[in-house]
Amino acid sequence: MFDAAMTQTIVLTLRLAGLTTVLLLLLGTPLAWWLAHGRSFGKDVVSTLVSLPIVLPPTVLGFYLLIAMGPNGPFAAILGRPLSFTFWGLVVGSVVYSLPFVVNPIRNAFEAMGPRPMEVAATLRASPLNAFFTVALPLASPGLLTGAILGFAHTVGEFGVVLMIGGGIPGRTKVLSVQIFDYVETLDWGKAHLLAGGMLVFSFAVILSMTVIERRLTGRRA
Amino acid sequence: MIRFAPTVRSAVILATIAFGSNAMAGETTVAVAANFTAAAQEIGTAFQNATDHSVTFTFGSTGQLYTQITQAAPFDVFLAADQVRPELAETDGFAVPGSRFTYAEGQLVLWSADPAAIDGTAKVLESPALTHVAIANPATAPYGAAAVEVLQALNLYDALLPKLVEGKSISQTHQFVATGNAQVGFVALSQVIKDDSGSDWLVPAAMYKPIRQDAVLLKMAEGNEAAAAFIDFLQGPEARAIIESYGYRVGE
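Residues numbered from 1 in each chain as written. Chains lettered and ligands numbered in written order. Predicted model: local features only at pLDDT ≥ 70, side-chain atom pairs only at ≥ 80, totals over all residues. Heavy atoms only, no water.

All right, on to the domain arrangement of chain B then. Residues and elements named next belong to chain B. For chain B, the domain assignment lists domain 1 (2–105 + 211–245) and domain 2 (108–202). Its C-alpha centre places domain 1 at a distance of 31 Å from the equivalent point of domain 2. Contacts between the two partners involve 10 residues from domain 1, matched on the other side by 13 residues from domain 2. Together domain 1 and domain 2 conceal approximately 880 Å² of surface at their shared face, both sides included; 59% is due to carbon and sulfur atoms. When the buried surface of domain 1 facing domain 2 is broken down by residue, N35, I211 and S245 rank first, second and third, together holding 50% of it. Joining domain 1 to domain 2, the criterion identifies 0 salt bridges. (Domains from an automatic or database assignment. Contact = heavy atoms within 4.5 Å. Buried area = accessible area lost by both parts, 1.4 Å probe. Salt bridge = Lys/Arg side-chain N within 4 Å of Asp/Glu carboxyl O.)

Structure follows, in structure tokens:
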């Protein structure tokens, strides 16, 4: 059913989304923790920055990333070579683009938890780090799961950013959404239907399973 | 009911102001291939000065525009970057039969934003320092297909394959090069002819099949005077002079 080009694109897309999700959980969880505790103007600014990709058109983000990843941008200055048109460039772009979809649910979970569980853990002589891993993270697991699923799905579905910084190189930067666009443009509607229909089913399954899992997890404790 | 009368009256007045300024003036929407953007805008201004009609342009890649046309996009005229899609529009019944003609012949240029990168020959393509060469998607953009032909003629296609990056349209390809993300790229001469900042190599026309760009009147335009006038204007001397000034060849 799928030809070699399609399989390559699907594998690349899943690899990109998987890696992005792992990085987002590693980066996003501490960030969400910090944002969930205490209020200051600085936190409001950071929280706004995190949420910006929700409202910014992907072309705006893609345009700035293209400039930033180009030979005269900061990435090239740090890494010694430009990041545009590379798989890692897409990873960086996807992390920025999907950040709010991971950070916000985790932050909400931490906030919903309240200070009480951590205080109780402290009276039981748990170190803050210990309490974070044994108390806070398990309590926030529905938020972590929602964040992971949303981050993964959102990265699979991204188009504008990868279009602008990717360059459509098969096996390196040509992801599903770009491939679908190509099929539609070349009037190869059979293949477009196959991939687009697959995405539709995938997205439906993601949101449905998220709803079910979230209800189970929260229901168990309620 | 009487209460509504003033509202209706003001609506009529508003409508008259909005649509009725001149009974003869019409409106037309033209779908234009990305490479022809700048030329089309200049032709549009000249057209609106010469006639009472107004024209609105929609820019995109030829493939994308054609897909929209097959889904009843409200376009009256289609200025493609190739001959394939306008022909297809005719055979598939989206265009007025017999209305197709070549309005421009495109020229391919290897271009860099760096004034020192290209010395007027293809030599830069053999440089090991080159990391990316931008071309338009060969499957959808004729300038991309022509670029592949040129690379093959130079026996460099296989060697450069890992360095090729694809723009979705010739505009995106130009953007890749203009931002320096790709050091060089094959773009349309029309995109860089009014730009003295970079360096280039005008590819000899013999190295690739002519990039004939066809226009066609779409079924949507039937009975639209402004659309017919635009087609006429496009073939007239004024428009042809503009087209040539953007680095296209015009036939005959």
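So that's the structure; there's more coming.
Once that is clear, we can look at helix α3 (residues 62–70) of chain B. Residues that lie three or four places apart on an α-helix share one face, since the helix turns once every 3.6 residues. Residue and element names in this part refer to chain B. The buried count for α3 comes to 7 of 9 residues, which makes it a mostly enclosed element. Among all positions in α3, only T62, G63, L65, Y66, T67, I69 and T70 are buried. Phi turns positive one or two residues past the end of α3, at A72, with a value near 60°. (Buried < 20%, exposed > 50% of the residue type's maximum accessible area, 1.4 Å probe, protein only. Helix = DSSP H or I, 4+ residues; strand = E, 2+ residues; numbered from the N terminus.)

So, on to the interface of chain B and chain A. Contact residues are listed per partner, giving 25 residues for chain B and 22 residues for chain A. Regarding the contact of chain B and chain A, the summed buried area is about 1800 Å², with carbon and sulfur atoms giving 59% of it. Together, T67, K168 and N181 of chain B form the three largest contributors to the area buried by chain B at its contact with chain A, with a combined 30%. Here chain B and chain A share 1 salt bridge between them. Two residues, D182 of chain A and K168 of chain B, come together in a salt bridge whose shortest N-O distance is 3.1 Å. Elements supplying a minimum of two residues to the side of chain B that touches chain A: α3, α4 (84–91), β7 (164–167) and α7 (170–178) of chain B.

Let's shift gears to the pairing of strand β10 (residues 211–217) of chain B. Residues and elements named next belong to chain B. Along β10, 6 of the 7 residues are buried, which leaves the element largely enclosed by surrounding structure. Two elements, strand β3 (residues 77–79) and β10, share 3 bridges in a ladder whose sense is antiparallel. Bridging from a neighbouring strand, L79 pairs with A215 of β10. Bridging between strand β4 (residues 101–106) and β10 involves 5 bridges; their strand directions are antiparallel. Bridging across to β10, G106 finds its partner in I211. (Pairing = 2+ DSSP bridges.)

Another point: helix α2 (residues 41–55) of chain A. Residues and elements named next belong to chain A. In a regular helix each residue adds 1.5 Å, so 15 residues correspond to 21 Å; α2 covers 21 Å between its end C-alpha atoms and thus fits that length. Remark: the principal bend of α2, roughly 30°, maps to L49, with a proline, P53, within the next four residues. Residues of α2 that are buried make contact with α1 (4–36), α3 (58–69) and α5 (87–113). (Expected span 1.5 Å × (residues − 1). Bend = angle between axes of the 7 residues up to and from the residue.)

The next thing to look at is the packing of aromatic side chains. Tallied over the full model, the rule gives 16 aromatic pairs over all chains. When the ring of F85 of chain A is compared with that of F176 of chain B, the centres are 4.7 Å apart and the planes differ by 80°; the resulting orientation is edge-to-face. Taken together, the residues span two chains, with F85 of chain A in the loop between α4 (74–79) and α5 and F176 of chain B in helix α7. Overall, the relative accessible area of 0% leaves F85 of chain A in the buried class. Taken together, the ring pairs connect F47, F57, F59, F230 and F233 of chain B into an aromatic cluster. Taking NZ or CZ as reference, R15 of chain A lies 4.3 Å from the ring centre of F87 of chain A, over its face. (Phe/Tyr/Trp six-rings, centres within 6.5 Å; stacked < 30°, edge-to-face > 60°. Lys NZ or Arg CZ within 6 Å of the ring centre and 35° of its normal.)

Residues and elements named next belong to chain A. Running from N to C, helix α7 (residues 128–139) and helix α8 (residues 141–156) cross one another at 65°; their axes reach a closest spacing of 4 Å. Seen from α7, the contacting residues are L137, P138 and L139; seen from α8, they are S141, P142 and L144. For the contact of α7 with α8, the class distribution of residues is 5 nonpolar, 1 polar and no charged. (Axes fitted to C-alpha atoms, helices over the stretch in contact; angles between N-to-C directions. Nonpolar A, V, L, I, M, F, W, Y, C, P; charged D, E, K, R; others polar.)

Rolled over the atoms, a probe sized like a water molecule indicates the empty space that remains. All names here are of chain B. Considering all chains together, one arrives at 3 cavities of 30 Å³ or more under this definition. By volume, the largest cavity is sized at about 70 Å³. The wall of the largest cavity is formed by A33, A34, N35, G60, S61, T62, A81, A141, P142, Y143, S169 and I170. Viewed by domain, the lining of the largest cavity spans two of them, domain 1 (2–105 + 211–245) and domain 2 (108–202), each represented by three or more residues. (1 Å grid on protein atoms, 1.4 Å probe; cavity = no way out; pocket = protein on both sides within 12 Å on 5 of 7 lines; lining within 4 Å. Points joined across faces, edges and corners; volume = space filled by probe spheres on them.)

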